[in-house]
Amino acid sequence: MKKSNRILLTGLSLSTLLLLAGCVGRDSSGNPSGLIWNLLGQPMSYGIRFFAENQGLGFGLGIIIVTIIVRLIILPLALHQSWTAAYQTEKREYLKPYLQPYQDRLTKAETQEEKLAAQQALMAAQKEMGVSILGGMGCLPLLIQLPFFSAIFFAAQYTPGVSDASFLGIHLGERSILLALIVGVLYLIQGYLSMLGVAEEQRQQMRSMMFMSPIMLLIFSWSSPASVTLYWFVGGIFTIIQQLITNFILRPRLREKVTAEFEANPPKMPSQTATASRKDVTPQYQGAISTDKKKQNRNAGKQRSR
């Protein structure tokens, strides 16, 4: 289960990046088109041009301001996702003594049958105690946010005038290794913050994700124009702010909430029967039955012959 969860989280991160452009289509000339672009992308593009040209702020600040507006719009969804994930984390931490016997049974399992039975027992116990197998990571909030990310991604790249503009000496139409490195550092900081206050066992599972996301974003930023990297730069700052809110505001409240819930309705310690590591003795048992039956048949035949 631990390995599958880690693979799932990695897959979700990869899908978020690789499918970032999936919500917006392209026409025959390669320009963005489609419903998401018409509903979200074009208004964002107009907003970038408004701040850049009408307000005289330049395209760099235009991208930053529109990205901030978009991030503020979807911030409640992002915080809700953080809330549910942190809630499950606090539940797991509180229930660790109760779930540990199931974990021990799974660790000590020798045969495939024993492992399957131990996994089923663990999943049943988690379900009974209200613990989500996926750690509370719902797909719906992410799916709702994805069109906004995709639209601002294309707006930052294809707004007329962006490719010819500069921001703080950085040409927005070309790649910027400086911005790419800053983006990588920002998401590395966010990954480090996400592991604070987490149990050591779960921290080991998250460590690979801590480096995976910054590396991927570094590669994507290096291969994209600086206008897109600037959007990711603002997004990185928002993810750090969101993580700080989660660590120092949401988690303390959730810890109190979880404690109060289980004090009102205490979980039960598993019985020895539920957590016993049983060995697979089926073949020997069947063989013993067949041997006993043969002996009984021979004895019965001797008695009849007498």
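The following paragraphs examine the structure supplied in this document.

So, how was this worked out
Residues numbered from 1 in each chain as written. Predicted model: local features only at pLDDT ≥ 70, side-chain atom pairs only at ≥ 80, totals over all residues. Heavy atoms only, no water. Helix = DSSP H or I, 4+ residues; strand = E, 2+ residues; numbered from the N terminus. Buried < 20%, exposed > 50% of the residue type's maximum accessible area, 1.4 Å probe, protein only. Contact = heavy atoms within 4.5 Å. Areas by Shrake-Rupley, 256 points an atom, 1.4 Å probe, with all protein chains shown as cover. Phe/Tyr/Trp six-rings, centres within 6.5 Å; stacked < 30°, edge-to-face > 60°. Lys NZ or Arg CZ within 6 Å of the ring centre and 35° of its normal. Salt bridge = Lys/Arg side-chain N within 4 Å of Asp/Glu carboxyl O. Axes fitted to C-alpha atoms, helices over the stretch in contact; angles between N-to-C directions. Parallel < 35°, antiparallel > 145°, perpendicular 65-115°, else oblique. Nonpolar A, V, L, I, M, F, W, Y, C, P; charged D, E, K, R; others polar. Core = buried A, V, L, I, M, F, W, Y, C linked by side-chain atoms within 4.5 Å. Patch = residues over 30% accessible without salt bridge, like charges linked within 9 Å, V, L, I, M, F, W, Y side chains within 5 Å.

Points about the overall build of the protein
Alright, step 1. Of the regular secondary structure elements, the protein holds eleven helices and four strands.
Alright, step 2. The buried share among the 306 residues of the protein stands at 39%.
Alright, step 3. Across the protein, contacts joining residues at least 24 apart in sequence account for 78% of those joining residues at least 6 apart.
Alright, step 4. With an accessible surface of roughly 17,400 Å², the protein has 61% of that area assigned to carbon and sulfur atoms.

Quick notes on the packing of aromatic side chains
Alright, step 1. Taken as a whole, this structure holds seven aromatic pairs when the rule is applied.
Alright, step 2. Ring centres 5.1 Å apart and planes at 10° place the aromatic pair Y94 and F262 in the stacked group. Taken together, the residues Y94 in helix 3 (residues 58-94) and F262 in helix 9 (residues 226-264) connect sequence positions 168 residues apart.
Alright, step 3. An aromatic cluster is built from F153, F154, Y158, F220, Y231 and W232, whose rings are joined through pairwise contacts.
Alright, step 4. Over the ring of W222 we find R175, and its NZ or CZ is 4.3 Å from the ring centre.

Structural notes on the pattern of salt bridges
Alright, step 1. Inspection of the entire model under this criterion finds three salt bridges.
Alright, step 2. Note that E90 and R255 form a salt bridge whose closest N and O atoms lie 3.2 Å from each other. Placement of the pair is E90 in helix 3 and R255 in helix 9, with a sequence separation of 165 residues.
Alright, step 3. Residue class for E90 comes out buried when judged on its relative accessible area of 7%.
Alright, step 4. On the basis of relative accessible area, R255 is assigned to the partly exposed category, the value being 39%.

Section: the packing of helix 3 against helix 4 (residues 96-108)
Alright, step 1. Remark: helix 3 packs on helix 4, axes separated minimally by 6 Å, with the N-to-C direction vectors making an angle of 75°. Between helix 3 and helix 4, the interaxial angle falls into the category roughly perpendicular. When helix 3 is examined against helix 4, the residues R92, E93 and Y94 are found in contact with a partner set consisting of K96, P97 and Y98.
Alright, step 2. Looking at the contact of helix 3 with helix 4, its residues break down into three nonpolar, no polar and three charged.

Some thoughts on the nonpolar core
Alright, step 1. In this structure, L172 and Y231 are the most contacted members of the largest nonpolar core, which totals 35 residues.
Alright, step 2. Those elements that place two or more of their residues in this core are helix 2 (35-54), helix 3, helix 6 (139-158), helix 7 (177-194) and helix 9.
Alright, step 3. In this structure Y231 touches I63, T67, F149, I152, F153 and A156, once residues within four positions along its chain are discounted.
Alright, step 4. Core analysis: the next-biggest nonpolar cluster, separate from the first, contains 16 residues, Y87, L106, A118 and L254 among them.

Examining a nonpolar patch on the surface
Alright, step 1. Nonpolar side chains collect at one region of the surface, where I177, L178, L181, I182 and W222 lie side by side and expose about 450 Å² of accessible area between them.
Alright, step 2. When residues in the nonpolar patch are grouped by element, the largest group, four residues, is from helix 7.
Alright, step 3. For W222, the location among the structural elements is in helix 8 (residues 200-222).
Alright, step 4. For W222, a relative accessible area of 37% gives the class partly exposed.

Re the environment of L40
Alright, step 1. When you line up the elements, L40 lands in helix 2.
Alright, step 2. Put simply, L40 and V70 are 30 residues apart on the chain and 10.0 Å apart in space, counted from C-alpha to C-alpha.
Alright, step 3. Beyond its immediate stretch of four places on either side in the chain, L40 contacts P147, F148 and A151.

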